[in-house]
Amino acid sequence: MNKVILMGRLTRDPEVRYGGAQNTAVARFSIAVDRRFKRDGQPDADFFDCRAFGKLGEFVEKYLRKGTKVVLDGEIQNNNYTNKDGQKVYGIQIIANQIEFAESKSAQGNAGGDYMPTPNADAGDGFMNIEEDIDDEGIPFAN
């Protein structure tokens with residue numbers, strides 16, 4: 001089984017390209033994941049290159065920006081190649097299967113930007129966004 005779950009912040013705005021026979025979205029981004037245990041002289045975070053394809057790539061393009069905190073469910077893939085000098089270069093990348101926001105827009109502060117949908121606006125996928133300060137009354141199974 002190849003499964004990884006990471007929570008971290010985007011280190012830069014995603015780069016999205018469209019290609020292939022069906023003009024599929026390919027989003028490239030990286031996230032910084034804080035280390036659970038920190039030792040003197042060691043880095044506080046690890047950085048992972050990530051990819052998202054298709055509808056998930058379009059989601060990344062529309063809603064994610066540098067500083068956005070996300071939870072990513074995906075797979076680890078080798079990203080090995082031979083450079084122009086004939087040396088083997090080893091690397092890994094994370095292929096995202098699912099991405100969720102890890103904090104609310106208000107908790108993001110200035111890092112949040114204007115990329116999140118506005119309350120009650122149509123998100124373009126047939127769903128309506130719910131205001132954050134709505135009371136739980138009238139929402140089934142809220143308690």
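You'll find the structure just up there.
Presented here is a report on the structure given in the accompanying data block.

What counts and what doesn't
Residues numbered from 1 in each chain as written. Predicted model: local features only at pLDDT ≥ 70, side-chain atom pairs only at ≥ 80, totals over all residues. Heavy atoms only, no water. Helix = DSSP H or I, 4+ residues; strand = E, 2+ residues; numbered from the N terminus. Buried < 20%, exposed > 50% of the residue type's maximum accessible area, 1.4 Å probe, protein only. Contact = heavy atoms within 4.5 Å. Areas by Shrake-Rupley, 256 points an atom, 1.4 Å probe, with all protein chains shown as cover. Salt bridge = Lys/Arg side-chain N within 4 Å of Asp/Glu carboxyl O. Polar contact = N/O pair within 3.5 Å; in protein donor to acceptor, adjacent residues only side chain to side chain. Core = buried A, V, L, I, M, F, W, Y, C linked by side-chain atoms within 4.5 Å. Pairing = 2+ DSSP bridges.

### Some remarks on the overall build of the chain
Broken down by element type, the chain carries two helices and eight strands. Each helix (α) and strand (β) of the chain, taken in turn from the N terminus, gives the series β-β-β-β-α-β-β-β-β-α. Residue burial in the chain is summarised as follows: out of 143 residues, 27% are buried. Intrachain contacts of the chain at a sequence separation of at least 6 include 54% that bridge at least 24 residues. Element-wise, carbon and sulfur atoms account for 48% of the exposed surface of the chain, whose accessible area totals about 10300 Å².

### Notes on the pattern of salt bridges
Applying the stated criterion to the full structure yields three salt bridges. Notably, a salt bridge pairs Glu103 with Arg9, separated by 2.9 Å at the nearest N-O pair. Here Arg9 lies in strand E1 (residues 4-10) and Glu103 lies in the loop between strand E8 (92-101) and helix H2 (105-108), a separation of 94 residues in the sequence. Residue class for Glu103 comes out buried when judged on its relative accessible area of 18%. Note on Arg9: relative accessible area 33%, which makes it partly exposed.

### Here we look at the side chain of Gln93
Along the polypeptide, Gln93 turns up in strand E8. Within the structure, Gln93 has its side chain in polar contact with the side chain of Arg51 (distance 3.4 Å). In contact with Gln93, not counting residues within four places along its chain, are Asp49, Arg51, Glu75, Ile76, Gln77 and Asn79.

### Quick look at the nonpolar core
Of all hydrophobic cores here, the largest spans 17 residues; its most connected members are Phe29, Ile31, Ala52, Val60, Leu72 and Ile99. Those elements giving two or more residues to this core turn out to be E1, strand E3 (24-34), strand E4 (45-53), helix H1 (54-63), strand E5 (69-78) and E8. It is E3 that contributes the most residues to this core, four residues altogether. Dropping the residues within four chain positions of it, Phe29 is found in contact with Leu10, Arg12, Pro14, Phe48, Asp49, Cys50, Arg51, Ala52, Val60, Leu72 and Ile99.

### Considering the pairing of E4
Regular strands place their side chains on alternate faces of the sheet. Alignment of E3 against E4, held across nine bridges, turns out to be antiparallel. When the sheet's bridge partners are listed, Ile31 is paired in E4 with Phe48. Of the pairings in the sheet, the one linking E4 to E8 comprises two bridges and is parallel in character. Of the residues in E8, the one forming a bridge with Cys50 is Ile94.

### Quick notes on H1
Looking only at H1, the buried set comprises Gly54, Leu56, Gly57, Val60 and Tyr63. Next to the buried residues of H1 lie strand E2 (15-19), E3, E4 and E8.

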